[in-house]
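Topology and contacts: notes
Below, each chain spelled out in residue letters.
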Amino acid sequence: MRHTLPTRLRTTLGAVAVAAATAVAVPAGPARAAVDCTVDYTASTWDTGFSASVQVKNLGDTWTGYTVEFRFTAGQQLTSTWSHHYTQDGDRVTVRNADTAQPVRTGETLWLGFLGSHTGENPPPVDWRVNGVACTDAHQPPAVIAEPTAVSVPEGHGAAFRARLSHPPAGPVTLQVRSQGTGIWAAPPVVLVFTPTNWNTPQGYTVTSFPDGDDVDDVLVLTLSVPGYSPATVTFTQIDADRVR
Ligand SMILES: [Ca+2]
């Protein structure tokens, strides 16, 4: 699809048209709980093993029963827990309350302790969830995540990146896109909105490098931000059709 750019953009070095202000309605999905837990994970590691202590604070409704899920990232294996049932499938671990467990009420903290083994690296697990709802990791500040962060774009073509959030927002938030660079670039009037339910689903965004009259590989840097989150940057580098290589 060919985009049409205003003449003034074509004649201004560094002009960038990104994300025209076309509002996109936030999907009206079923009411679901927002983030309702915070996880504080600590571990003591030795040669091939480790012990872990996890405090999971309930910020939502009472958990009469609970399933805590997380994912290892370095091949660790959970070998035993205190007072909980657990299963592990690949990197994914599921821990369930014992039959005798008491409910965890709003504001209360659930403690999980377990032993595990590792093969040299023992980074903290990620993707914490309780009863299927994502938790905020106390040790990881909220951030905008972009993939990839460096993109090559042949002159006259488009290229995409995907963005998501590391933590769920309290309500719908709009990704703010700031641009800086040289050349002629454009993006469709798409506004990326993240909600308490779709925050970790990557959303695609395509930037087009328009044909220009020079022989320079122009560069565009997009800064992606959401208030309260560390921003991400994506660098687009044009592969200029007129440059002798
Ligand atoms: Ca160029």
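Criteria and cut-off values
- For every chain, the first residue of the written sequence is number 1, and numbering continues from 1 along that sequence.
- The predicted origin of the model limits local features to residues at a pLDDT of at least 70 and limits the giving and counting of side-chain atom pairs to 80 or more, whereas totals for whole chains, interfaces and linings rest on all residues.
- Numbering goes from the N terminus for both helices and strands, where a helix is a DSSP run of H or I of at least four residues and a strand is a run of E of at least two.
- For every residue, the other C-beta atoms within 10 Å of its own C-beta are counted; 20 or more classify it as buried, 12 or fewer as exposed, and values in between as partly exposed. C-beta atoms are placed from the backbone.
- Note that contacts rest on C-beta atoms placed from the backbone: two residues are in contact if these are within 7 Å.
- A pair of strands is labelled paired if DSSP reports no fewer than 2 bridges between them.
- Convention adopted: a line fitted to C-alpha atoms gives each axis, helices being fitted over their contacting stretch, and angles between N-to-C directions are expressed from 0 to 180 degrees.
- Buried Ala, Val, Leu, Ile, Met, Phe, Trp, Tyr and Cys residues whose C-beta atoms connect them within 7 Å together make up a nonpolar core.

**Focus on the overall build of the protein**
Counting secondary structure elements, the protein contains one helix and 21 strands. The buried share of the protein, taken over its 245 residues, is 27%. Considering only contacts within the protein whose residues lie at least 6 apart along the sequence, 72% involve residues at least 24 apart.

**Structural notes on the pairing of strand E14 (residues 158-165)**
Across four bridges, strand E12 (residues 144-147) lies against E14 in antiparallel orientation. Bridged to glutamate 147 within E14 is arginine 162. The pairing of E14 with strand E19 (residues 203-209) spans six bridges and is classified as antiparallel. In the sheet register, glycine 158 faces E19, and the bridge partner there is threonine 208.

**Digging into the sheet that holds strand E16 (residues 176-181)**
Reading across from one edge, E13-E21-E20-E16 is the order of the four strands in this open sheet, with mixed pairing throughout. A strand with exactly one partner marks an edge of an open sheet, and here the two such strands are strand E13 (150-154) and E16. Strand after strand, the sheet turns through a mean of 25 degrees between neighbouring axes, direction not considered. Two strands pair when backbone bridges link them, and strand E20 (residues 219-225) and strand E21 (residues 232-239) are joined in this way by six bridges, in the antiparallel orientation. The residue of E21 that forms the bridge with leucine 224 is alanine 232.

**Describing the nonpolar core**
Val144, Ala146, Ala163, Leu175, Leu224 and Val234 are the most contacted members of the largest nonpolar core, which has 26 residues in total. By size, the runner-up hydrophobic cluster in this structure holds 20 residues, among which are Tyr66, Val68, Leu110 and Cys135.

**Section: unusual backbone geometry**
A cis geometry characterises the amide bond from glutamate 147 onward to proline 148, with omega recorded as -10 degrees. For proline 148, the position within the fold is in the loop between E12 and E13. Positive phi, normally seen in glycine, also occurs at serine 83, with a value near 60 degrees. Relative to the helices and strands, serine 83 resides in the loop between strand E5 (77-81) and strand E6 (84-89). Taking the C-beta count within 10 Å as the criterion, serine 83 has 11 such neighbours and is therefore assigned exposed. With a phi angle near 50 degrees, asparagine 131 is a residue other than glycine that sits in the positive phi range.

**Observations regarding the sheet that holds strand E8 (residues 109-117)**
The strand order across the open sheet formed by five strands is E5-E8-E3-E2-E11, and the pairing between neighbours is mixed. Strand pairing shows two members of the sheet lacking a second neighbour, E5 and strand E11 (136-137), which therefore form its edges. Note that strand E2 (residues 37-45) and E11 share two bridges and pair parallel. Bridged to threonine 38 within E11 is threonine 136.

Note that all results are geometric; they support no functional claim without further evidence.
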